[in-house]
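An overview of the molecular structure
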Amino acid sequence: MIIKPDSVRDGHIGHILTRIEEESFRITGLRYLHLSQQQAEEFYAIHKERPFFDSLVRYMTSGPVVVGRLERENAVEHWRKVIGSTDPTKAPPGTIRALYGISIESNAVHGSDSVENGVIETRFFFEE
Ligand code: GDP
């Protein structure tokens, strides 16, 4: 997972980490870092052709982020449920994006969308 620049800037790191633990995830890796343009482009390479790609990279490099490796049963599916839809206005009440998201782009947190991508994204930020 990633706590995105808007959440870090607006002081939600603590709330989001607390929620993660309340949802029975174990935090087995945690980093505070400022993504470089190259890292952000690589991380979101799958969206390269999308019209919002440049804006997304600008946003993700606009300030520091917190990256975490989370473990629990059914982790990917459960985290996607806890964060809610990409667009915070469509995210169910109580989900992290509904609580802290600002827009479809500045949507507070990232979650891997499959187990396969979870492994790839974890390796992107953490040693084995
Ligand atoms: P996610 O899996 O819910 O994060 O959504 P996607 O993989 O589709 O998109 C990746 C990220 O790109 C989202 O979390 C947003 O930060 C951003 N994004 C998605 N759709 C849009 C859009 O239509 N416009 C803009 N500006 N950003 C978007």
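Read on for a plain summary of the structure.

Glancing now at the nonpolar core. The biggest cluster of nonpolar side chains holds 16 residues, and the ones touching the most others in it are Met1, Ile3, Ile16, Ile20, Trp79, Ile96 and Val109. Those elements that place two or more of their residues in this core are helix H2 (13–22), strand S3 (65–71), helix H5 (75–83) and helix H6 (96–100). With near-sequence residues (within four places) excluded, valine 109 lies in contact with Ile2, Ile3, Lys4, Ile16, Trp79, Ile83, Ile96 and Arg97. The next biggest cluster of nonpolar side chains, apart from the first, holds 15 residues, and it includes Ile2, Phe53, Leu56 and Val67.

On to the pairing of S3. Burial analysis of S3 places five of its seven residues in the buried class, which makes it a mostly covered element. Inspection of the sheet shows strand S1 (residues 2–3) paired to S3 by two bridges, in the antiparallel sense. Opposite isoleucine 3, over in S3, you have valine 66 as the bridge partner. Both strand S2 (residues 26–33) and S3 contribute to a ladder of seven bridges, which runs antiparallel. The partner of glycine 29 across the bridge, within S3, is arginine 69.

Definitions and cut-offs
- Residues numbered from 1 in each chain as written.
- Predicted model: local features only at pLDDT ≥ 70, side-chain atom pairs only at ≥ 80, totals over all residues.
- Heavy atoms only, no water.
- Core = buried A, V, L, I, M, F, W, Y, C linked by side-chain atoms within 4.5 Å.
- Buried < 20%, exposed > 50% of the residue type's maximum accessible area, 1.4 Å probe, protein only.
- Helix = DSSP H or I, 4+ residues; strand = E, 2+ residues; numbered from the N terminus.
- Contact = heavy atoms within 4.5 Å.
- Pairing = 2+ DSSP bridges.

Geometric descriptors of this kind do not, in isolation, establish any biological role.
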